[in-house]
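A structural walkthrough
Each chain is listed here by its residues.
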Amino acid sequence: MTSPVPLHEHLRRHARATPDRAALHWYGRRFTWAELDAMSDAFAQRLQALGVAKGDPVVLFLNNCPQYLVAHYGIQKIGAIVCPSGPLNKAHELGYQVRDLQARVIVAAAELLPIVHEVREDSALEHVFAVHYADWLPEQPALALPAELQAARAAARVQPAGCEDFEAVAGSGARPAPAEIALGDVALMTYTSGTTGLPKGAMLSYANALFKTEVTATSADVTQESVALSVAPLYHIAGMLMGVNVPVYAGAAQVLLFRFDPVAVLQAVAHHRVTHWYSIAPMNVACMQVPEPERFDLTSLVRNPVTSFGIVFTEPLAQKWQAFTRGPCISHEAAYGLSETHTMDTGMPHDAIRWGTQGKPMPGVAIRIIDPATGAELPAGAMGEITVKSPGNFLGYWNKPEATAATLKNGWVHTGDMGKVDADGYLTFSGRFKEMIKVSGYSVFPEEVESILITHPAVAQAAVVAAPDADKGEVVKAFIVKKPGAELDADALMAWAREHMAPYKAPRHVRFIDRLPVTGAGKVLRRLLKD
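A few points on the structure.

The next subject is the overall build of the chain. Of regular secondary structure, the chain possesses 16 helices and 28 strands. Relative to the 2.2 N^0.38 estimate, which gives 24 Å for 531 residues, the radius of gyration of the chain is 23 Å and therefore close to what a compact globule would have. Seen along its three principal axes, the alpha-carbon backbone of the chain occupies a region of about 65 × 55 × 50 Å. The buried share among the 531 residues of the chain stands at 56%. For the chain, the proportion of contacts with a sequence separation of at least 24, taken over those separated by at least 6, is 69%. Of the roughly 21400 Å² of accessible surface on the chain, 52% is carried by carbon and sulfur atoms. Measuring between centres, the 47 positive side-chain charges of the chain sit 1 Å from its 53 negative side-chain charges.

So this is what it looks like as structure tokens:
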């Protein structure tokens, strides 16, 4: 293409050029580019018939499923705004987002409709599309179905009153009227996780998405011949970039899973000869614990960028993973990024991996480390606030001009994250300013303490927060998930910690829990531990 176009035009491009080529595999059901294009066209036309216009928000309240991609691109084909809401959200969380957007239309999974109905009366919602997860499953699945999809298949298909059937709409064959869309228009509203205060809707344009998709696909060598495995939640910015955007831009086939399951992942790689997979570190560990892994031929896997949530992805773990896959798979820390920049601000050079860092700025991305008090740029190696400038930077927060002005300054996103850039340009992310723990005046970064704690042989996962202390102001409190069958008590772990880190960083309180609270994308919710 001679000029940049929105991602949905790339979908149309593949539908014209290779209509019968596989675009998506869903537990053995194959969807072609022509099918995805036609179904998203039909949904786009139905939205237009309902009066949805350019710039109107449409909420998606779904887990991973083919319907998600159809809805996403159908919304954007008419210039409306995709507004994902995590399917783990409860009524007060969904309600806040729907009311903040003044949204009139929502696409929701049938299983989540009770939450939608709780919200509906006290909102502007007028139209609900119901998605049935079982609709597009094959009769004989090629991969292990998760319990949720097994239950959906077994349940009677009931079309709820007051809702429109998404499947019927997608199969109508209708075509939308052409819409005038500029690359600078808002295409996506992704709500931040709300580390402090209420979540904010980050407005991202078609140009933002196109820029980050292009540099990500290029750096990862994703082409039309690639096969991508998508497990990360599509509603999360990283899962969206890797699952909704990159395959459609590159024309690569995609294998989509409803959620992570280690056996299904191994089956998918072997069955579909997957070449690319974006994962979270605990996923790799879980896959390596599957019995009799030699059943699965994993040698097709060549690229596996990994995000360290809960477990730090280290060089020894990467070596273990490569040996496990028995092939050429290169794995490393994936990236640094955030919703406000359409993520992927850095990427790890696969031929120059530097462990302990998040890689180097992507082409077209500038990163500066500044003194948060003065705004002055700091030299290489100095710790400060990470600021980012690129064509991926968001347009601002929905209806929050003060928050926008505090974050977006002279074209730079002030992230509120602490980090440093070394002399070779590699970024090391150290943590959130607001999550930093002050012990007798010393700064303690939770991520650093957690990365040390999980090296203890009995510790599977760790998260630390600040606990008030009369003498020191704050001290470190650790929440620990033990490895199965491991014996460990709090005193022993605290004594071990004092030997392995500076005394002020060592936890003064330890609590053992069964699991850490995490987002659907696997990010630890430290604020819930504080509560």
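The discussion continues.
Per the counting criterion, the structure on display carries ten aromatic pairs. Measuring from centroid to centroid gives 6.4 Å for F313 and W355, while their planes differ by 45°, and the two rings are tilted. One end of the pair, F313, is in the loop between β14 (303-307) and α12 (315-325); the other, W355, is in the loop between β16 (346-347) and β17 (360-361), with 42 residues separating them in the sequence. By relative accessible area, F313 is classed as buried at 3%.

Another point: the nonpolar core. Residues W26, F166 and L229 are the most contacted members of the largest nonpolar core, which totals 139 residues. Here this core gets ten residues from one element, more than from any other, and that element is helix α9 (residues 237-250).

On to the environment of A179. As for its position among the elements, A179 is in the loop between α7 (166-170) and β8 (186-191). Classification of A179 by relative accessible area gives partly exposed; the value is 32%. With 100 residues separating them in the primary sequence, A179 and G79 have C-alpha atoms 6.7 Å apart. What A179 contacts, discounting residues up to four positions off in sequence, is K77 and I78.

Calculation rules
Residues numbered from 1 in each chain as written. Predicted model: local features only at pLDDT ≥ 70, side-chain atom pairs only at ≥ 80, totals over all residues. Heavy atoms only, no water. Helix = DSSP H or I, 4+ residues; strand = E, 2+ residues; numbered from the N terminus. Rg over C-alpha atoms; globule rule 2.2 N^0.38 Å. Buried < 20%, exposed > 50% of the residue type's maximum accessible area, 1.4 Å probe, protein only. Contact = heavy atoms within 4.5 Å. Areas by Shrake-Rupley, 256 points an atom, 1.4 Å probe, with all protein chains shown as cover. Lys, Arg positive; Asp, Glu negative; His and termini not counted. Charge placed at Lys NZ, Arg CZ, Asp CG, Glu CD. Phe/Tyr/Trp six-rings, centres within 6.5 Å; stacked < 30°, edge-to-face > 60°. Core = buried A, V, L, I, M, F, W, Y, C linked by side-chain atoms within 4.5 Å.

The quantities given are spatial measurements derived from coordinates; they are silent on function.
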